[in-house]
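# Working through the structure, step by step
Here is how the chains run, residue by residue.
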Amino acid sequence: MGLLPSPATPSARHAATRRRVRRPAVERIACWSAKYRKTAVALWLGLMAAAFLGGQFVTSPGVQQYDPGQAGRGEQVLTQLGVVTPPAENVLIEARSGERRLARDASAEVKRVVHDVTAALAALPQAADHIEVPFGYAGRTLTAGHGIAALVTFDVAGPNANADSTVLTDVAAVRKVQAAFPGLLVSEAGSATTDRVANALLSRDFRQTEWTSIPLTLILLIAVFGALIAAGIPVLLAGTAVVTAVSLMTIAAQWLPVGQGTSELVLVIGMAVGVDYSLFYLRREREERAAGRGPEDVVKIAAATSGKAIAVSGLTVMVSLAGLFLTGIDVFTGIAVGTIMVVGVAVVGSLTFLPALLSWLGPWADRGRLPYLGRLRTHAHPCRTWAGLAKQVVRRPLIFGGVAVVGLLALAAPALGMRIGSPSIDLPSNLGVVRVLTDIQREFPGRPAPADVVVTGTGLDSPAMARELTALRRHASSSGPIHGPIAATEVAGGRALVVQVPLAGSGSGRTSDQALVTLQDRILPATIGRVPGTSFAVTGNTAANYDFATTLDSRTPIVFGVVALLAFVLLMMAFRSVTIPVVSIGLNLLSVGGAYGLVTLIFQDGHLQSLLGFTSFGALVPWVPLFTFVLLFGLSMDYHVFILSRIRELWSASPVHDRASAADAIVGGIGRTAGVVTSAALIMVAVFSIFATLSMIDVKMLGVGLAAAVLIDATVVRGVVLPACLALLGERAWYLPSWLNWLPGRSLACDSLPEDEAAAPEVRRHSAPLPVPWLVTAAGEPG
């Protein structure tokens, strides 16, 4: 009998099973990085350096972005033909407000100023071309409805790439005329001057974002961790991820339509997710070290728990952002490429660079402690305030959850009256160039935003085309949808025709949109469209804004549905449950609805205008609601996955699966994660709030909406509504039909740890409840 193998004990069988089970890829990567930490750090820094150098060697401008619809098709035709439309400028001459002079005297003075302006510009052939006086001497009288005024138009000469600097010569000439006639207002505004101001504002805003977000994040992290080295780790990960992603984005722009404005979003999103993932990992690493685990076990447990949560969260964020591809709009495609890159790089860094760095530092990560804060923040403790609140919610889920849901629905109610539209000029109203353009539109409706009809085909120089252009001009009237004068110009050696048609209205809003639709659907098909062998496409600012808005209207439901469906599938595989994804999607919609309602109240209804420094135009910019949904749907999953992963871990570790064990898992999971979630949310809110201080109103909308939604999501939704839903569901929260057991993704399932890697004792069904102190620190540690 001594030669026969003895029966294996249960513990031995479990140990053998554990030895045979292959660790998930996330855990293996993190453990390898921690074991070969120097190599992992060198590879990460090498990746950043290679991407940075590759981006520096890229010199070509990249793929051009086009608008959707007819406007985009017209732009592409002109680009393919090599037609470059020179920037148009306008010089407005008008009597100063409050002047009381005879119309005859004022008219004579305006005529002299018009003569001097045209003469001054004509003397600058290298800076001004095609100088015309469409309103004044011909077509209309000098006496406009708001006073005596005239308008001189011209094109900025020279290469378009140098227009922003060339126009300064024209501006200087106009200013000299203004100095000679102080009794009148002589002001210049147009495409080149507006572009120059907009580029300067964007550059200033990006520098402000860059120089504000990183120091602000570092200060808040110092307050969270109480140690300088620990506070620097998230900033290091996020900063290197942003540099790498921006460099890779520059390379990708050679094949994909990635615009320069994407960098601003990449910076903020990269800082947000980089800090979030670092906080999740550092929190678990501190907790395991405080429980007496060795360095190797700390890495394994952190990778098996927080590492999985980071992987699931990152995949969910990237899936949500990928929904922007479905819009078919180039600017959203560029934003999706850049933001997906920075999230993907941050996830890779969190699973490689971060474990290697933490393994390298060890206890040194808590060095550089600050007085008082260092004693409080360097030890991981459950957040007793959030755990106490969760315990009360679990006891009375209908009351707490019902009140919270009603409050969120009330906050979202104003979104039912949301209106979508674009400002006529997307710049702050206090800028001089904006005031001039507003005055031009008031004095001379239809200027400076005509529709450009791009006509191509074989009959451009035919008698039929001449007849139809004459018929088109007959449709122009001061009270009709299109105004005069209508100008037709041959371009690209006669291969195309560009017809400029001034539209009714201000260039944006219902009047201009209706005029554009009438031109596209009725007037042009009945005139130019009748010429055999020709086709047309209407482009210009009004057409571009209208096509953009209509494309968004048709694609937004598709984006919402696909993003929700993909998130459902991913969460179902991650948590092995069909209930959790439904709850998650519902909670995200509550957060997004609250953000929509708040943004509608502030920006559409005009509240807080003086505080935030904007002028309401009575609507929301079309792209803001869609992008807010996509981004929030992804980012809110960071907290959701992190909290649910811990709850799932505690529930699956419980020896008895009943309602009591589910309730204990909810309280324990909330208590051990809510502190770090609150800290991460405060940092993210602070970073997003920077957007509210920038110049552009659409960026302000985005910043306020994101900051409000993250704050709502991390407090009311995750602290009250989530535990209430889980308590009402009980064991049903983790239900997965047996016929779905074939689903892949078991390596992402956030279950309990093996016995030899079990974490510190968790809250169990028979454990004493966590006391609730009167003060809890921002990081979630007891004060």
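As the structure is a prediction and not an experimental result, all values here were calculated from the model.

Reading guide: rules and limits
Residues numbered from 1 in each chain as written. Predicted model: local features only at pLDDT ≥ 70, side-chain atom pairs only at ≥ 80, totals over all residues. Heavy atoms only, no water. Helix = DSSP H or I, 4+ residues; strand = E, 2+ residues; numbered from the N terminus. Buried < 20%, exposed > 50% of the residue type's maximum accessible area, 1.4 Å probe, protein only. Contact = heavy atoms within 4.5 Å. Areas by Shrake-Rupley, 256 points an atom, 1.4 Å probe, with all protein chains shown as cover. Pairing = 2+ DSSP bridges. Axes fitted to C-alpha atoms, helices over the stretch in contact; angles between N-to-C directions. Parallel < 35°, antiparallel > 145°, perpendicular 65-115°, else oblique. Nonpolar A, V, L, I, M, F, W, Y, C, P; charged D, E, K, R; others polar. Phe/Tyr/Trp six-rings, centres within 6.5 Å; stacked < 30°, edge-to-face > 60°. Core = buried A, V, L, I, M, F, W, Y, C linked by side-chain atoms within 4.5 Å. Salt bridge = Lys/Arg side-chain N within 4 Å of Asp/Glu carboxyl O. Expected span 1.5 Å × (residues − 1).

### Regarding the overall build of the protein
On a plain count of helices and strands, the protein comes out with 24 helices and nine strands. Every one of the 783 residues in the protein was classed for burial, and the buried ones make up 55%. Contacts in the protein between residues far apart in sequence, at least 24 positions, make up 81% of those at least 6 positions apart. Of the accessible surface of the protein, which amounts to about 33100 Å², a share of 62% is contributed by carbon and sulfur atoms.

### Here's the deal with the sheet that holds strand S6 (residues 451–457)
Hydrogen bonds along the backbone pair up the strands of a sheet, which may run parallel or antiparallel. Spatial strand order, S7-S8-S6-S9: four strands in an open sheet with antiparallel pairing. The open sheet has two edge strands, strand S7 (487–491) and strand S9 (534–539), and neither has a second partner. On average, adjacent strands in this sheet sit at an angle of 20 degrees to one another, irrespective of strand direction. Where S7 meets strand S8 (residues 496–501), five bridges bridge the pair, whose relative direction is antiparallel. Residue pairing across strands places alanine 488 opposite valine 499, the latter belonging to S8. Against the sheet, helix H17 (residues 463–474) touches S6, S7, S8 and S9, its axis set at about 10 degrees to S8.

### Regarding the packing of helix H10 (residues 295–322) against helix H11 (residues 330–351)
For any two helices packed against each other, the geometry is given by the interaxial angle and the distance between the axes. It is at 9 Å that the axes of H10 and H11 come closest, and there the two elements cross at 175 degrees. Of the possible angle classes, the one that applies to H10 and H11 is roughly antiparallel. Contacts between H10 and H11 involve Gly307, Ile310, Gly314, Val317, Met318, Leu321 and Ala322 on the former and, on the latter, Ala336, Thr339, Ile340, Val343, Gly344, Val347, Ser350 and Leu351. Broken down by class, the residue content of the contact of H10 with H11 amounts to 10 nonpolar, five polar and no charged.

### Structural notes on unusual backbone geometry
Its identity is not glycine, yet alanine 492 carries a phi of approximately 55 degrees, on the positive side. Looking at the secondary structure, you find alanine 492 in the loop between S7 and S8. Its identity as a non-glycine residue notwithstanding, arginine 576 has a phi of 50 degrees, on the positive side. Locating arginine 576 in the fold gives a position in the loop between helix H19 (541–575) and helix H20 (579–604).

### Looking at the packing of aromatic side chains
Describing an aromatic ring pair means giving the distance of the ring centres and the angle of the ring planes. Under the definition given, this model contains eight aromatic pairs. Summarising the aromatic geometry, the rings of tryptophan 44 and phenylalanine 353 are spaced 5.7 Å apart at their centres and angled 20 degrees between planes, so their arrangement reads as stacked. A residue pair is termed long-range when its members are at least 10 positions apart, and tryptophan 44 in helix H3 (residues 37–57) and phenylalanine 353 in helix H12 (residues 353–361) qualify at 309 residues. The exposure classification of tryptophan 44 matches that of phenylalanine 353, with both residues buried. Measuring from ring centre to ring centre gives 4.1 Å for phenylalanine 280 and phenylalanine 642, while their planes differ by 5 degrees; the resulting arrangement is stacked. Here phenylalanine 280, found in helix H9 (residues 262–290), pairs with phenylalanine 642, found in helix H22 (residues 623–653); they are 362 residues apart in sequence, far enough to count as distant.

### Thoughts on the nonpolar core
Judged by nonpolar contacts, the single largest core of 169 residues is most densely connected at Val343 and Phe603. By residue number, the principal contributor to this core is H22, which donates 19 residues. Setting aside chain neighbours within four positions, we find valine 343 in contact with Ile269, Val273, Tyr277, Gly314, Val317, Met318 and Leu321. Membership of the second largest hydrophobic core comes to 26 residues, among which are Met465, Ile482, Leu524 and Ala544.

### Quick look at the pattern of salt bridges
If you walk through the whole model with that rule in mind, you get four salt bridges. Measuring nitrogen to oxygen at the nearest pair gives 2.8 Å for the salt bridge that ties glutamate 288 to arginine 284. Separated by four residues within a single helix, glutamate 288 and arginine 284 lie in helix H9, roughly one turn from each other. Across the pair, arginine 284 and glutamate 288 agree in class, each one buried. The shortest N-O distance in the salt bridge between aspartate 713 and arginine 718 comes to 2.8 Å.

### Re helix H4 (residues 69–80)
Taking 1.5 Å of rise per residue, the 12 residues of H4 would be expected to cover 16 Å, and the 17 Å separating its terminal C-alpha atoms lies within 8% of that figure. For H4, the complete set of buried residues consists of Gln70, Ala71, Gly72, Gly74, Glu75 and Leu78. Among the structural elements, S6, S8, helix H18 (510–526), S9 and H19 are those in contact with the buried residues of H4. Positive backbone phi, approximately 75 degrees, marks glycine 82, located one or two places after H4.

Limitation: the analysis is restricted to geometry and does not speak to function.
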